[in-house]
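# Inside the fold
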Amino acid sequence: MTNPTQLSFVSLQVSDLEVSGKFYTDILGFKPVLKSPPDAIVFEQKNGAAFAIRKPMIELTKANLLGWGVAVWFGIGNLDTFLEKNRDKISIVKDIHPTPFGRILVIADPDGYSITLQETKED
């Protein structure tokens, strides 16, 4: 019997691909891959699942709160440095705080998706 055992791809449907693209590239520093499918931006990842944003395949305005109950986490080297640089450019959902998995910061993307940044060791 074969069962899924590894997450391979995560995609968020966004209302404005250009606005969200700028958020993920300019604020979070993600780099788009050279060739993304039409109506999407796929970002380079060091390891783990691929991540993309895309034009909606559903009517997003019919949802009260996008991503409710879904947690998307990304590793980051230093939360304090990120926050100092971007505090006036981001919407903070929950400020830096400790968890059993290390310090995290939860921010909202342009569509209100909660994005958790988890402090990891610098490379």
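See the structure above.
Reference entry: report on the structure contained in this document. All values reported here derive from a predicted model rather than from experimental measurement. Sequence order as written defines the numbering, with residues in each chain counted from 1. Two thresholds apply to this predicted model, a pLDDT of at least 70 for residue-level local features and 80 or more for giving and counting side-chain atom pairs, whereas whole-chain, interface and lining totals are computed over all residues. The basis for every side-chain value is the complete set of non-hydrogen atoms in the structure, without hydrogens or water.

Moving on: helix α1 (residues 17-27). Only protein chains enter the area calculation, which uses a 1.4 Å probe; residues under 20% of their type maximum are buried, those over 50% are exposed, and those in between are partly exposed. Only DSSP runs of H or I with at least four residues qualify as helices, and only runs of E with at least two residues qualify as strands; both kinds are numbered from the N terminus onward. Residues of α1 that are buried include every one of Leu17, Ser20, Gly21, Phe23, Tyr24 and Ile27, and no others. Looking at the buried positions of α1, the neighbouring elements they touch are β1 (9-13), β2 (40-43), β3 (50-54), α2 (79-86), β6 (102-108) and β7 (114-119). Count one or two residues on from α1 and you reach glycine 29, which has phi positive near 80 degrees. Whether two residues are in contact is decided by their heavy atoms, any of which lying within 4.5 Å being enough.

At least two bridges found by DSSP between two strands are what make those strands a pair. Pairing analysis gives five bridges linking β1 to β3, with the strands arranged parallel. Within β3, the position partnered with serine 11 by the bridge is alanine 52. A loop of six residues connects β2 with β3, the two strands running antiparallel in sequence, and glycine 48 in this loop sits at a positive phi of about 85 degrees.

The subject of this paragraph is the sheet that holds strand β5 (residues 91-99). Ordered in space as β4-β7-β6-β5, the four strands form an open sheet in which the pairing is mixed. Edge strands, defined here as strands with exactly one partner in the open sheet, are β4 (72-76) and β5. In this sheet, adjacent strand axes meet at a mean angle of 25 degrees when their direction is disregarded. Sheet topology places β4 next to β7; five bridges connect them, and they run parallel. Counterpart to valine 72 in the pairing with β7 is isoleucine 115. Axis definition: a line fitted to C-alpha atoms, limited for helices to the stretch in contact. Angles are taken between N-to-C directions and run from 0 to 180 degrees.

We define a salt bridge as a contact between a side-chain nitrogen of Lys or Arg and a carboxyl oxygen of Asp or Glu at a distance within 4 Å. Scanning the model with the defined rule gives three salt bridges in all. Where arginine 103 meets aspartate 80, a salt bridge forms, and the shortest distance between an N and an O atom there is 2.8 Å. Residue arginine 103 is found in strand β6, and its partner aspartate 80 is found in helix α2; the two are separated by 23 residues along the sequence. Classification of arginine 103 by relative accessible area gives partly exposed; the value is 28%. The partner of arginine 103 in a salt bridge is glutamate 119, with the nearest N and O atoms 2.9 Å apart. Of this pair, arginine 103 sits in strand β6 while glutamate 119 sits in strand β7, and the two are 16 residues apart along the sequence. One network of salt bridges, with partners in common, ties together Asp80, Arg103 and Glu119.

Glancing now at α2. The complete set of buried residues in α2 reads Leu79, Phe82, Leu83 and Asn86. Angularly, the buried residues of α2 cover 95 degrees about the axis, an arc narrow enough to put them on a single face. Facing away from the buried side of α2, by more than 90 degrees, are the exposed residues Glu84 and Lys85. Packing partners of the buried residues in α2 comprise α1, β4, β5, β6 and β7. Directions are taken from the helix axis to each C-beta atom, and the arc is the one they span.

Function cannot be inferred from these measures alone, as they are strictly geometric.
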